[in-house]
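# Structural overview for review
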Amino acid sequence: MPPTARRAALRTLLAEREVDALLVTDLVNIRYLTGFTGSNAALLVHADGDAASRFGTDGRYRTQADTQVPDLERIEDRATATAVAAAAHDLGIRRLGFESDAVTVDACTALAAAADGVDLHRAPGLVQRLRLVKDDDEVDALRAACTAADAALAGLLADGGLVAGRTERDVALDLENRMRRLGAQGPAFETIVAFGAHSAVPHHRAGDAVLRTGDLVKMDFGALVDGYHSDITRTVVLGQAADWQRELHALVAAAQWAGRAALVPGADVVAVDAAARDVCVEAGLGEEFLHGLGHGVGLQIHEAPALARTGVGTLAAGMTVTVEPGVYLEGRGGVRIEDTLLVRDGGSEALTRTTRELLEV
């Protein structure tokens, strides 16, 4: 979907907040609405159309803006947000919405002073609502990001990248470099590699721990492609798995299957979380499932919807989410299995394809 169509869709939401325009200052939302990838920008989306809208950036991005945002009149100023807000009165705007979830108190004060004669009104979350459902171009980018992550892990395993004596940090860097060689701009987030007892820490930071035969190896990573993020976790064993490791992996695999099966349009996000969590509860390990089941993924690695006991809303076709149950036995080890999935009519499609079977490497 081109940026013009996304801005048109946003205009249909402005009436809900009873505003004449929306001042967009969140850079992720600006990228979604314009394609602009610079570090300083503001966008005024006017209810009357693009002719009355304005895009702001500074002189460093003049050439980039010519290419990425050629269809909007530009305001060039280093103090971009206030400069765009100052134009609101002359554009006939009486009520200007702003992203109150992305604006500090001090910035709000500055915007109000700049938009003299215009009433500012909180209008959070409007662009995020549009971003919930991905269009075909977004799904293509997500699919490419997932393919790069899958291929990086496959290459790591095929090349003997998991061997005794290697450190967590070595393996993390190896995965990231492989994703780059496969076309990713970089990792989608800081790669998690956790050996042995460290695998029981959900967000362990890769360090100097040395891999030993018999260790669980938890790898949580993703690729960034065209601004879109993938997210995958696999837990393997170096050498032959112990019975308790097999049982733990089988439990988490069953929970993950239940969560994936619950991903259908109209499903309540709390119910999806419960579908997977109940598997762990019935096994007596519900308290060791320490986090929500998953999250939306797209231009941000963590975005709506949240698949969690505290989540709100229902799923719709076109949403992309992770399903990532984990059970963590403190001091021993933990297992997490995660995929990035596309919600579709009739069920979900896994965009990450690496086997979910327990691998002994």
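Below or above, wherever it landed, is the structure these notes cover. (Residues numbered from 1 in each chain as written. Predicted model: local features only at pLDDT ≥ 70, side-chain atom pairs only at ≥ 80, totals over all residues. Heavy atoms only, no water.)

### Section: helix H2 (residues 27–34)
Buried within H2 are the following residues: Asn29, Ile30, Tyr32, Leu33 and Thr34. Its side-chain oxygen at 2.8 Å from the backbone nitrogen of valine 28, aspartate 26 defines the N-terminal cap of H2. Glycine 35, located one to two residues past H2, shows a positive phi value of around 90°. (Buried < 20%, exposed > 50% of the residue type's maximum accessible area, 1.4 Å probe, protein only. Helix = DSSP H or I, 4+ residues; strand = E, 2+ residues; numbered from the N terminus. Polar contact = N/O pair within 3.5 Å; in protein donor to acceptor, adjacent residues only side chain to side chain.)

### Some thoughts on the sheet that holds strand S3 (residues 54–57)
Taken in spatial order, the six strands line up as S4-S3-S2-S1-S5-S6 in an open sheet, and their pairing is mixed. The open sheet has two edge strands, strand S4 (73–76) and strand S6 (119–122), and neither has a second partner. Strand-to-strand twist across the sheet, computed as the mean angle between neighbouring axes with direction ignored, equals 25°. In this sheet, S6 lies alongside strand S5 (residues 95–98) in parallel orientation, the contact comprising four bridges. Bridging across to S6, leucine 96 finds its partner in leucine 120. (Pairing = 2+ DSSP bridges. Axes fitted to C-alpha atoms, helices over the stretch in contact; angles between N-to-C directions.)

### Some details on the pattern of salt bridges
What the rule picks out here adds up to 28 salt bridges. Two residues, arginine 54 and glutamate 73, come together in a salt bridge whose shortest N-O distance is 3.5 Å. Taken as a pair, arginine 54 in strand S3 and glutamate 73 in strand S4 lie far apart in primary sequence, 19 residues in all. With a relative accessible area of 49%, glutamate 73 lands in the partly exposed category. We note a salt bridge from aspartate 339 to arginine 234, for which the minimum N-O separation is 2.7 Å. (Salt bridge = Lys/Arg side-chain N within 4 Å of Asp/Glu carboxyl O.)

### Regarding the packing of helix H9 (residues 243–261) against helix H10 (residues 269–282)
Working note: a packed helix pair is described by the angle between its axes plus the distance between those axes. Contact pair H9 / H10: the axes reach a minimum separation of 8 Å and the direction vectors enclose 160°. When the axis of H9 is compared with that of H10, the two are roughly antiparallel. Handedness of the H9/H10 crossing: right-handed. Residues Leu251, Ala254, Ala255, Ala258 and Gly259 of H9 touch H10, and the partners they reach there are Val272, Ala275, Ala276, Val279 and Cys280. When the residues that make up the contact of H9 with H10 are grouped by side-chain class, the tally is nine nonpolar, one polar and no charged. (Parallel < 35°, antiparallel > 145°, perpendicular 65-115°, else oblique. Left-handed = near helix turned anticlockwise from the far one by under 90°. Contact = heavy atoms within 4.5 Å. Nonpolar A, V, L, I, M, F, W, Y, C, P; charged D, E, K, R; others polar.)

### Details of the layout of surface pockets
Its volume calculated, the largest pocket comes out at about 300 Å³. Lining the largest pocket we find 20 residues, and of these Ile192, His203, Asp220, His302 and Arg336 sit closest to its centre. Looking at the lining of the largest pocket residue by residue, the classes come out as five nonpolar, eight polar and seven charged. The calculated volume of the second largest pocket comes to roughly 210 Å³. Of all the secondary-structure elements, those providing two or more residues to the lining of the second largest pocket are helix H1 (3–14), H2 and helix H7 (136–158). When the residues that make up the lining of the second largest pocket are grouped by side-chain class, the tally is six nonpolar, three polar and five charged. (1 Å grid on protein atoms, 1.4 Å probe; cavity = no way out; pocket = protein on both sides within 12 Å on 5 of 7 lines; lining within 4 Å. Points joined across faces, edges and corners; volume = space filled by probe spheres on them.)

### Side note on the side chain of aspartate 174
Positionally, aspartate 174 belongs in helix H8 (residues 168–181). If we skip the residues at most four places from it in the chain, aspartate 174 touches Leu156 and Arg166.

### Observations regarding the environment of histidine 302
Mapped onto the elements of the fold, histidine 302 is located in the loop between strand S13 (294–296) and strand S14 (303–307). Its relative accessible area of 49% is what places histidine 302 among the partly exposed residues. In sequence terms histidine 302 and aspartate 231 are 71 residues apart; their C-alpha atoms lie 9.7 Å from each other. Excluding anything up to four places from it in sequence, histidine 302 contacts His295 and Gly296. A polar contact is formed between the side chain of histidine 302 and the side chain of histidine 295, at a distance of 3.5 Å.

### A closer look at unusual backbone geometry
The peptide bond linking alanine 304 to proline 305 adopts the cis configuration, its omega dihedral lying at 5°. The residue proline 305 is located in strand S14 in this model. Notably, aspartate 226 is not glycine yet its phi reads approximately 55°, a positive angle. Mapping aspartate 226 onto the fold places it in the loop between strand S10 (223–225) and strand S11 (228–229).

### Quick notes on the environment of aspartate 231
The residue aspartate 231 is located in the loop between S11 and strand S12 (232–237) in this model. Taking the relative accessible area as the measure of exposure, aspartate 231 reaches 3% and is therefore buried. Along the primary structure aspartate 231 and glutamate 303 are separated by 72 residues, whereas in three dimensions their C-alpha atoms are 12 Å apart. Here histidine 295 takes part through its side chain, which lies 3.2 Å from a polar atom of the side chain of aspartate 231.

### Quick look at the packing of H1 against H2
Between H1 and H2, whose axes approach to 6 Å, the crossing angle comes to 115°. For the pair H1 and H2, contact is made by Pro3, Arg6, Arg7 and Leu10 and by Tyr32, Leu33 and Thr34, respectively. Looking at the contact of H1 with H2 residue by residue, the classes come out as four nonpolar, one polar and two charged.

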